[in-house]
Amino acid sequence: QNEIYTAGVHRRKPRVPTDFAELERRAKRAMSSRAWAYIAGGAGEGRTMTANRAALDRWAIVPRVLRDVSQRNLEIELFGRRIPAPVLFAPVGAGSLAAPEADALVGRAAAELGVPYIFSNQAGVPMESVAAEMDRVDAGAPRWFQLYWSTDDDLVDSLLARAEAIRADAVVVTLDTTMLGWRPQDLNLGSLPFARGEGIAQYTSDRRFGDIVSERLRAASDERPEISLGAVATLMSITRNAPGRFLSNLRSPRPRASVQTFLDIYSRPSLDWDDLAGLRDRTSLPIVLKGVLHPDDARRAVDAGVDGIIVSNHGGRQIDGAISTIDALDTIAPVVDGRIKVLIDSGIYTGSDVLKALALGADAACIGRPHMYGVALAGADGARDVVADIIAQLDLTLGLAGHTDVADLDRDVLRRL
Ligand code: FNR
């Protein structure tokens, strides 16, 4: 924040706009209409997206004066690690729509800030490559892995093993996307991103996924001999070793089999609490459930022995007319009562939004679309600056409100309007 003001004194403009409205406007101009529809879009008529922002506006920060706020602390602890600010990069799939290799750029941005990046299961770059990019900035920079629970248990195990191998600090299991929501912006353009192969690099770089595709092709070749075993072998080597080449070959029927397989198996709509119980035995990583909005589900999550939840409505992309995450947090935080970590996302775009979420009981907030707009406008630097600005605003707002440590924030800081 000091840097920004200093630059302003010298009449240098910041790399990315310092408010969300202008950031969004500029990103829209920079992106293709397809990318904009997918990234900015929400479910149905956009009511949940609107609700997320409106709910924040119903809480006002009531500042205190004449307290020494010269020294402030934003640092928190998450699963045994110190994190410099209560902010994470949310998992965002099909990021290559915003910029080529977006996941690697965002990884670099997160590593530069030292805050965790949650790798999407639907990333455009394999997790090993993003982790390597982050390690170049800071070896062991915090990274989490987000899982969509596949219909194939062995694929789940394979993804978890890879996440452990890249030294992920936690696994986030996203529960609100058992099916893809009704997204008119994409539907009206006739554009489902994954159908063109974006966002499936985690799969095409996976051994187990390659096996599944080849099993399917083998079965198909029994019925249709024109799909030869040679073709199967070629496909497997392409998908395992060179996702980039896979994408450029997407028009061929063989990679299309991968896309179809992905669409068939990426998510398990039958998933239930009994399945979840088995996850503990499959990984030693802390488990975080993403998409919890009901206090009873939060209570069950605590009882199930998970390590954290993310109060999320997927940025308003799944249900039209869902409860805002701030309102949901207000009912969930008292139930959890500090027993596990509570994170929040969806519409948290400024430092004061983060402060309100912390005051209502969140331990940290994840930022989704803003970092994608940053990467679309100015690559890794853009993604970093957007999140650095949110952190700087949080720091300022904390001090201006008369507080010196994010750990001290509670409901007394706010008044319900
Ligand atoms: C997402 N989100 C998401 N979540 C997840 O668990 N796995 C994923 O692959 C994706 N993909 C994805 C793509 C895009 C383009 C967006 C905008 C979002 C949801 C994301 O993690 C987060 O919950 C929301 O983005 C938070 O809301 P805001 O900050 O975008 O309003």
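Preceding block: the structure.
None of these values were measured; they are calculated from a predicted model.

**Describing the overall build of the protein chain**
Right, so step 1: Scanning the protein chain from N- to C-terminus turns up 18 helices and 12 strands.
Right, so step 2: Rg of the C-alpha trace for the protein chain: 21 Å, near the compact-globule value of 22 Å for 417 residues, within the 12% margin.
Right, so step 3: Taking all 417 residues of the protein chain together, 57% fall into the buried category.
Right, so step 4: On the protein chain, roughly 17,800 Å² of surface is accessible, and the fraction owed to carbon and sulfur atoms is 49%.

**Looking at the site of the ligand**
Right, so step 1: Around the ligand, the surrounding shell holds 22 residues, and the nearest of these are P91, S120, T174, D345 and Y349.
Right, so step 2: Here P91 contributes a backbone N or O atom positioned 2.7 Å from an oxygen atom of the ligand.
Right, so step 3: Between the ligand and K290, the relevant distance is 3.0 Å, taken from a nitrogen atom to a side-chain nitrogen or oxygen of the residue.
Right, so step 4: Its free accessible area being 600 Å², the ligand has 99% of it covered by the protein chains.
Right, so step 5: Among the residues making up the shell around the ligand, the classes are represented as 7 nonpolar, 11 polar and 4 charged.

**Observations regarding the packing of helix α7 (residues 153-165) against helix α10 (residues 207-223)**
Right, so step 1: Where α7 contacts α10, the axes come no closer than 8 Å and their chain directions differ by 155°. Taken as axis vectors, α7 and α10 run roughly antiparallel relative to one another. Only R208, F209 and I212 of α10 make contact with α7, whose side of the interface consists of D154, L155 and S158.
Right, so step 2: When grouped by side-chain class, the residues that make up the contact of α7 with α10 number 3 nonpolar, 1 polar and 2 charged.

**A word on the pairing of strand β8 (residues 287-290)**
Every regular strand shows the same layout, with side chains that alternate between the two sheet faces.
Right, so step 1: Where burial is concerned, the two faces of β8 agree: the one with I287 and L289 and the one with V288 and K290 are both buried.
Right, so step 2: Relative to β8, strand β7 (residues 171-174) runs parallel, the two sharing 4 bridges. From the neighbouring strand, T174 faces β8, where its bridge partner is K290.
Right, so step 3: Pairing between β8 and strand β9 (residues 308-311): 3 bridges, direction parallel. Its bridge partner lying in β9, K290 is registered against I310.

**Brief notes about the pairing of strand β10 (residues 341-344)**
Right, so step 1: Both β9 and β10 contribute to a ladder of 4 bridges, which runs parallel. What sits directly across from I310, in β10, is L343.
Right, so step 2: In terms of handedness, the path from β9 via helix α16 (residues 325-336) over to β10 forms a crossover that is right-handed.
Right, so step 3: One ladder, built from 2 bridges, connects β10 with strand β11 (residues 364-367); its direction is parallel. Along β11, the bridge assignment pairs L343 with A364.
Right, so step 4: Chirality of the crossover, the property in question, places the unit of β10, helix α17 (residues 351-359) and β11 among those that are right-handed.

Criteria and cut-off values
Residues numbered from 1 in each chain as written. Predicted model: local features only at pLDDT ≥ 70, side-chain atom pairs only at ≥ 80, totals over all residues. Heavy atoms only, no water. Helix = DSSP H or I, 4+ residues; strand = E, 2+ residues; numbered from the N terminus. Rg over C-alpha atoms; globule rule 2.2 N^0.38 Å. Buried < 20%, exposed > 50% of the residue type's maximum accessible area, 1.4 Å probe, protein only. Areas by Shrake-Rupley, 256 points an atom, 1.4 Å probe, with all protein chains shown as cover. Near = heavy atom within 4 Å. Polar contact = N/O pair within 3.5 Å; in protein donor to acceptor, adjacent residues only side chain to side chain. Nonpolar A, V, L, I, M, F, W, Y, C, P; charged D, E, K, R; others polar. Axes fitted to C-alpha atoms, helices over the stretch in contact; angles between N-to-C directions. Parallel < 35°, antiparallel > 145°, perpendicular 65-115°, else oblique. Contact = heavy atoms within 4.5 Å. Pairing = 2+ DSSP bridges. Right-handed = clockwise from strand over helix to strand, strands pointing away.

Just geometry here; none of it tells us what the structure is for.
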